[in-house]
Amino acid sequence: MYNVALCDDERIILDSLGKQLAKTAGNKLGKVFPFESVDGLIELIRQGDPEIDIVFLDIKIGESNGIDIASDLQEINPDLQIIFISGYDDYYINVYDVDHLFFLRKPIEADALAKALSRAEEKLSERSEKVFLIRSKRSSVNVGFCDIIFFEKDLRRIVLHSMNETYSFYGKFDDITPQLNEDFIRCHNSFVVNIDKVRCMEANILTMADGSKIPVSRKHVKETREAYLSYLERRLS
């Protein structure tokens with residue numbers, strides 16, 4: 001089961017979306033928390049009790065910008081699955097300034113809502129199931145794929161940069177590849193990035209979720225660009 005928060009300044013939208021969610025999600029749906037302003041939503045996410053898994057967020061809530069709010073929420077909880085809703089297409093491109101799953105247009109159609117929830121469920125499942133194992137003589141650590149931003153080669157060591165911590169261990173990129181999936185791309189001899197954590201690609205530079213700037217070598221630029229465009233197409237479909 002997953003808990004959902006709804007934030008829209010129109011009560012009629014909150015009521016309608018709540019009913020649609022109950023019908024579409026069925027017994028997968030846990031608690032639903034509706035908010036007409038962002039303050040209550042931010043406080044709920046900050047408290048983390050109960051933990052919210054999915055947020056449906058209007059892009060324009062009074063004077064507040066939903067895209068900026070989503071960025072603030074993900075700083076508090078990087079695992080939040082954000083689904084934007086709006087009655088306008090003006091913000092469609094801007095939503096890619098922040099990590100999100102889906103863009104739903106009002107009035108929300110049942111098929112589109114089902115697709116958005118399906119994608120959220122997949123992400124939540126990945127978060128709980130897919131992990132990267134770091135072994136050492138003293139201990140072993142599991143890092144969820146959804147938390148990994150990129151791997152960096154530093155002489156004989158590999159540095160794993162995650163949303164919360166940095167881990168260093170001995171190894172080669174060829175040794176870790178079998179543990180990873182298609183979302184991890186070798187963009188440079190010294191870097192392997194999680195394409196899900198790429199925020200933009202400009203020239204031969206990738207900007208990551210934590211603000212890091214990762215170079216793309218000439219050898220890997222074609223493969224990296226194709227992987228990123230394919231990722232964006234999946235997000236739009």
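Here is a short report on the structure shown in this document. (Residues numbered from 1 in each chain as written. Predicted model: local features only at pLDDT ≥ 70, side-chain atom pairs only at ≥ 80, totals over all residues. Heavy atoms only, no water.)

A few words now on the packing of aromatic side chains. When we look at a pair of aromatic rings, we describe it by the centre distance and by the angle of the planes. For the structure on display, the rule yields six aromatic pairs. Between the aromatic rings of Phe-132 and Phe-151, the centroid separation amounts to 5.1 Å while the plane-to-plane angle is 65 degrees, which identifies the pairing as edge-to-face. Separated by 19 residues along the polypeptide, Phe-132 in strand β8 (residues 131-135) and Phe-151 in strand β10 (residues 148-154) bring together distant segments of the chain. Just as Phe-132 is buried, Phe-151 falls in that class too. Clustering of aromatic rings is evident, with ring pairs tying together Phe-132, Phe-145, Phe-151, Phe-169 and Phe-184. Above the face of the Tyr-170 ring, Arg-157 is positioned so that its terminal group lies 4.1 Å from the ring centre. (Phe/Tyr/Trp six-rings, centres within 6.5 Å; stacked < 30°, edge-to-face > 60°. Helix = DSSP H or I, 4+ residues; strand = E, 2+ residues; numbered from the N terminus. Buried < 20%, exposed > 50% of the residue type's maximum accessible area, 1.4 Å probe, protein only. Lys NZ or Arg CZ within 6 Å of the ring centre and 35° of its normal.)

The antiparallel open sheet is built from five strands, whose spatial order is β12-β11-β10-β14-β13. Each having just a single partner strand, β12 (166-170) and β13 (184-188) make up the two edges of the open sheet. Pairs of neighbouring strands in the sheet enclose a mean axial angle of 20 degrees, with direction left out of account. For β10 and strand β14 (residues 191-194), the ladder comprises three bridges, and the chain directions are antiparallel. Looking across to β14, one finds that Glu-152 is bridged to Phe-191. (Pairing = 2+ DSSP bridges. Axes fitted to C-alpha atoms, helices over the stretch in contact; angles between N-to-C directions.)

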